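Geometric and topological summary
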Amino acid sequence: MPLKVQIARQDDSCPFKNDKIEFELGEGECLWLRGASGSGKTSIANDLAKLSPLRGATTTVNWSEKLDPKVRPVGILFQQGVLIDSLNLKENLVLSCRSAGKADDKNAISDLLKSVNLDDDDRLKMPNELSGGMLRRAALAMILAQEKKLIILDEPFVGLDVETAEEVIKAIKALKERGVSFILVSHQEDFSRSVMTENKEVELQTRDKTQKLTAHSRSPRTSLLVRTLVKVVDYLGISIPLIFCAFIAAGFATSMLFAQMLKETDINTIMEQFHSDHTSLLFKIFGNEFAKVASKYLPIIKDKIYVMTMARGFVVELGPLLTALLLAGRIGGSYAGEVGMMQATEQNKLLTTLGLNPRTWTLLPSAIAAFIAAPILTAIGTFTGLLAGGWVAVWDKYGFFPSMQPYWKGIDSNVFYQVSWISYPPFVNFYRSMGYMVIILVVAEIFGRIKKNMQPRDVPRCITWAVVFSSLLIILCDWLFSQIYHSS
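A brief structural summary.

At a minimum axis distance of 8 Å, the contact between helix 2 (residues 89-99) and helix 4 (residues 132-145) shows a crossing angle of 25°. In terms of orientation, helix 2 and helix 4 fall into the roughly parallel class. Viewed along their axes, helix 2 and helix 4 form a crossing whose handedness is right-handed. Two secondary-structure elements touch here, helix 2 through Leu89, Asn92, Leu93, Ser96 and Cys97 and helix 4 through Ala138, Ala141, Met142 and Ala145. A per-class count over the contact of helix 2 with helix 4 returns 7 nonpolar, 2 polar and no charged.

Our next topic: the nonpolar core. In this structure, Tyr306, Phe400, Tyr407, Ile411, Met437 and Ile474 are the most contacted members of the largest nonpolar core, which totals 58 residues. Elements supplying a minimum of two residues to this core: helix 7 (224-263), helix 9 (280-344), helix 11 (358-393), helix 12 (404-415), helix 13 (425-449) and helix 14 (459-487). By residue number, the principal contributor to this core is helix 9, which donates 17 residues. With residues near it in sequence (within four places) discarded, Met437 still touches Leu327, Ile331, Ala370, Phe371 and Ala374. In this structure, Leu77, Leu113, Val116 and Leu175 belong to the second largest nonpolar core, which totals 39 residues.

The next subject is the pattern of salt bridges. Under the criterion given, the structure shown has 19 salt bridges. One salt bridge connects Glu201 with Arg34, and the closest N-O pair in it is separated by 2.6 Å. With Glu201 in strand 8 (residues 201-204) and Arg34 in strand 3 (residues 30-35), this pair connects stretches of sequence that are 167 residues apart. For Glu201, a relative accessible area of 31% puts it in the partly exposed group. Residue Arg457 pairs with Asp85 through a salt bridge whose shortest N-O separation is 3.9 Å. Taken together, the residues Arg457 in the loop between helix 13 and helix 14 and Asp85 in the loop between strand 5 (74-77) and helix 2 connect sequence positions 372 residues apart. The structure contains a network of salt bridges with shared partners spanning Arg34, Glu189, Arg193 and Glu201.

Moving on: the packing of aromatic side chains. Each pair of aromatic rings is reported with the distance of its centres and the angle of its planes. On inspection of all chains with the given rule, the structure shows 15 aromatic pairs. Where Phe252 meets Trp391, the ring centres are 5.9 Å apart and the plane angle is 25°; that geometry is what we call stacked. With a gap of 139 residues between them, Phe252 in helix 7 and Trp391 in helix 11 connect regions that are remote in the sequence. Under the relative-accessibility criterion, Trp391 is labelled partly exposed at 39%.

Before going further, it helps to examine the sheet that holds strand 6 (residues 150-154). As summarised here, the arrangement of the 5 strands in space is 5-6-7-3-8, forming an open sheet in which the pairing is parallel. With partners counted over all chains shown, the strands left at the sheet margins are strand 5 and strand 8, one partner each. Across the sheet, the mean angle from the axis of one strand to that of its neighbour is 20°, orientation sign disregarded. Looking at chain direction, strand 5 and strand 6 are connected through 4 bridges and run parallel. Each residue of the ladder has a partner; that of Val74, found in strand 6, is Leu150. On top of the sheet, helix 4 reaches strand 5, strand 6 and strand 7 (181-185); it is set at about 170° to strand 5, its chief contact.

Taking strand neighbours across the sheet as the criterion, the 3 strands line up as 2-1-4 in an open arrangement whose pairing is antiparallel. Both edges of this open sheet fall to strand 2 (20-25) and strand 4 (57-63), since each of them pairs with a single strand only. Each strand axis lies, on average, 10° off the axis of its neighbour in the sheet, ignoring direction. Where strand 1 (residues 3-9) and strand 2 come together, 6 bridges link them in antiparallel fashion. Looking across to strand 2, one finds that Ala8 is bridged to Lys20. Most of the contacts of helix 1 (residues 41-48) go to strand 4, to which it runs at about 50°, and overall it touches strand 1, strand 2 and strand 4.

Criteria and thresholds
Residues numbered from 1 in each chain as written. Predicted model: local features only at pLDDT ≥ 70, side-chain atom pairs only at ≥ 80, totals over all residues. Heavy atoms only, no water. Axes fitted to C-alpha atoms, helices over the stretch in contact; angles between N-to-C directions. Helix = DSSP H or I, 4+ residues; strand = E, 2+ residues; numbered from the N terminus. Parallel < 35°, antiparallel > 145°, perpendicular 65-115°, else oblique. Left-handed = near helix turned anticlockwise from the far one by under 90°. Contact = heavy atoms within 4.5 Å. Nonpolar A, V, L, I, M, F, W, Y, C, P; charged D, E, K, R; others polar. Core = buried A, V, L, I, M, F, W, Y, C linked by side-chain atoms within 4.5 Å. Buried < 20%, exposed > 50% of the residue type's maximum accessible area, 1.4 Å probe, protein only. Salt bridge = Lys/Arg side-chain N within 4 Å of Asp/Glu carboxyl O. Phe/Tyr/Trp six-rings, centres within 6.5 Å; stacked < 30°, edge-to-face > 60°. Pairing = 2+ DSSP bridges.

Honestly, that's just the spatial picture; any functional story needs more than this.
What follows is the structure, encoded as structure tokens:
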């Protein structure tokens, strides 16, 4: 007898109505755990496999032999059969063998394939190249490589035709003869009775559930407005802390570097340069007078240069550029991943069959939210960078200003001044942020949909390319924007 299981219901959060569930399982036996949908079959399976605890109940498992606490004795075959998507079948089996400390040579892999009625010719196939039945038998082979004491079969026949299901049943029966024990979770009675052990059957009773009408039951996310608002909250709520921390660091680093450079520029340095560039006669005539004037006005000039550099640097250049590079990863990567995963799981094809445009479904709410979030986040980042520059300006180490008030007054005069509309710093800050966001969304859209038959393993690669390519285009367009600004 490998194990004895006792499950005691504690409260109403438990998915089944049974007060107590008890069963014993010996070697080569298969218990059928049955019940209506929502009765807790998969919850019990996950609890026994130590993947997630069973709510509202306590589970006690007693094994007939002492087990290594570091080893998981229970394996689970998930409903669709799960392999590592980026590895072929052989590599999946090798991974499973190595993690269990078992041999992973050619003979060992061949034996595992034969045990589930798969051929050596299948070993180099990727998971998406396997049929439903082959995928589940391959997943079963991975569990066998671990030499688990018990294997839980979670709906192993769902979505299979009769012939394919019979292949899975044949593999299970062969393993039972070798002493492997199973717990079968299934709705399909004919298939289940063909593999279960006589009198090894537990039925879960479904508790009564009364559902009240809630906001979720009204399906609000089918609305474009709601999906857009969700995106706005997502883009702003998660990005604001990122922008704030990045610009605090960038603001301090930039302003301290520039402040130190100005501090090291003194009258003696200027006089030495003046003396080396002019004849000694001119220096004797005008040098002393120049030194007096420079000594009087140099601190004022430094203050103005510092403020002008902070204002123009962050409002026109660094604010929009740094924000865009951060959002290329935050928004661009998120959108490329969303579109890529929908492509890989054929959700875009589903939308098409429903008469909905997949691009409109994903791009429209994301674009509206991004165009709302981008200028706000750029403004927050710009202000944060200027704030850090102000703290440095009033720091005793540099002493450009006695307080923040004259600093902000200087910033105001260098930002809100009358020039042509295309060079007006607040507008430059705005249109640069919007231009960069167009680049981010277009690139993410292209890489998210570029591969028609995308697989889940391709999604991380599509995110990476979207982020890298959009970042490169942002840097290129920053140069173009700078040319427009300085030529106006």
